[in-house]
Amino acid sequence: MNKMNKMNKQIITPFTVQADERIDYDKIVNQFGSTKISVKLLERFQKIIGKKIHHWLTRNLFFSHRDLNLILDNYEKGKTFYLYTGRGPSSEALHLGHLIPFMMTKWLQEVFNVKLVIQLTDDEKFLWKSGKLVDFQYLARENAKDIIACGFDSENTFIFTDSNYIKELYPNVLKIQKLVNFNQIKGIFGITQSDCIGKISFPAIQAAPSFYDSFPHLFCENTPCLIPCAIDQDPYFRMTRDVAPKLGYIKPAILHSKFFPSLRGIDKKMSSSDLSSSIYLTDTMEMIKKKINKSFSGGKESIEKHREYGADLEIDVPFQYLTFFMEDDDKLEQIRSDYSSGKMLSGEVKKILIDILQKLVLNHQKKREKISDDIINKFFEK
Ligand code: TYM
């Protein structure tokens, strides 16, 4: 095999996340030109907020950024910022991977007490998928229930669908569209000449909420924006950051997470377009158990071999899931040590994970059930 064939090829775009082996995050940072989050930045973060930072930051699961240091500099000087994140409503239920940016956003909103805007791109999903526009408008409202169930503060959170809020976004959409040409869109998003023209112009719609005056009812002065998302969304915001200074705006800052992996292996992200890759927030307790028991394991094929060599934690999906959802650092370290040495078996790790995920999903389902139309309206009408 020649050297080229041995190289781990990977495609990371808002539409495809796929690696030959495991996803190489250093390579993404180099390719995209973002900055890895350093220990020094985390220490500063912790000092500024005066409390323990989120375990997804200390565990390097949110691992890369653009201008997070500037957001902290400003905050230290008493200047505020706003948070912006979103969801493309392609399915009725969110999966566990979608929770990652929303849960981090909720933590950030609580810690900094700042406003948050959430974009539901019903237009994007209508353009990219088959189905009627009303179907995606319906899915957006259903997805909003899952998002609200994450515990956002209705006073400080504005949720909107593009098809409804476009009138307010449109002036900024136009300004952005005038500064980006087709070649750039082709290069950044892989869009081709035979794609419908909606796809060519859509990136400006995801960019517009990064600018404060897309929300005249919320902000009256140039307010910086921080966007938490998985790194697949970065192409949109690279484009946004390019045009921002030309339009007199502050470049939006970005906080990137790694991907919550597919049940089938860590070379893919959990994705709604591959049903067998995901645990959904609508799954029953039995389904969660079955899916985790069948998930890709880094344990050895026989007990004897496992006891001798231990598990490969880097490729073990259940262990990777624990790094996200087991909050207790000491317990996680104990499992890391016992499982990698072979003292602990794959079935034991899976059992611990099943218990954690069943509690998480059940708790979410209970909260979601209570989200009435009146509650949803509080987030949409501002
Ligand atoms: P969507 O609906 O594909 O994903 C919603 C959010 O979830 C993140 N995400 C994941 N995070 C961790 N692990 C995974 N397996 C995983 N799969 C998805 C995405 O990065 C995203 O943050 N076009 C966007 C919607 C959007 C948006 C935004 C997202 C509009 N404006 C601003 C982030 C920030 C979309 O279709 O996301």
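## Points about the pairing of strand β7 (residues 157–161)
(1) Moving on: With five of five residues buried, β7 lies mostly within the body of the structure.
(2) Moving on: Across the two faces of β7 the burial is the same, with Thr157, Ile159 and Thr161 and Phe158 and Phe160 all buried.
(3) Moving on: Here strand β6 (residues 116–120) runs beside β7; their pairing, made up of five bridges, is parallel. For Gln119, the partnering residue across the bridge sits in β7 and is Phe160.

## Brief notes about the sheet that holds strand β8 (residues 225–230)
(1) Moving on: Taken in spatial order, the seven strands line up as β3-β4-β9-β8-β5-β6-β7 in an open sheet, and their pairing is mixed. Each edge of the open sheet carries a strand with a single partner, namely β3 (35–36) and β7.
(2) Moving on: Bridge analysis of strand β4 (residues 62–66) against strand β9 (residues 253–257) gives four bridges, and the strand direction is antiparallel. Residue pairing for β9: Arg66 is matched across the bridge by Ile254.
(3) Moving on: Seen against the sheet, helix α2 (residues 25–32) touches β3 and β4 and runs at an angle of roughly 5° to β4.
(4) Moving on: Sitting on the sheet, helix α9 (residues 162–179) is in contact with β6 and β7, with an inclination near 105° to β7.

## Observations regarding the confidence of the model for the protein
(1) Moving on: Of the residues in the protein, 98% reach a pLDDT of 70 or more, and the chain-wide mean stands at 94.
(2) Moving on: pLDDT under 50 marks residues 1–5. Its contacts with residues more than four places away, or in other chains, come to one contact.

Conventions we followed
Residues numbered from 1 in each chain as written. Predicted model: local features only at pLDDT ≥ 70, side-chain atom pairs only at ≥ 80, totals over all residues. Heavy atoms only, no water. Buried < 20%, exposed > 50% of the residue type's maximum accessible area, 1.4 Å probe, protein only. Helix = DSSP H or I, 4+ residues; strand = E, 2+ residues; numbered from the N terminus. Pairing = 2+ DSSP bridges. Contact = heavy atoms within 4.5 Å. Axes fitted to C-alpha atoms, helices over the stretch in contact; angles between N-to-C directions. pLDDT = per-residue confidence, 0-100.

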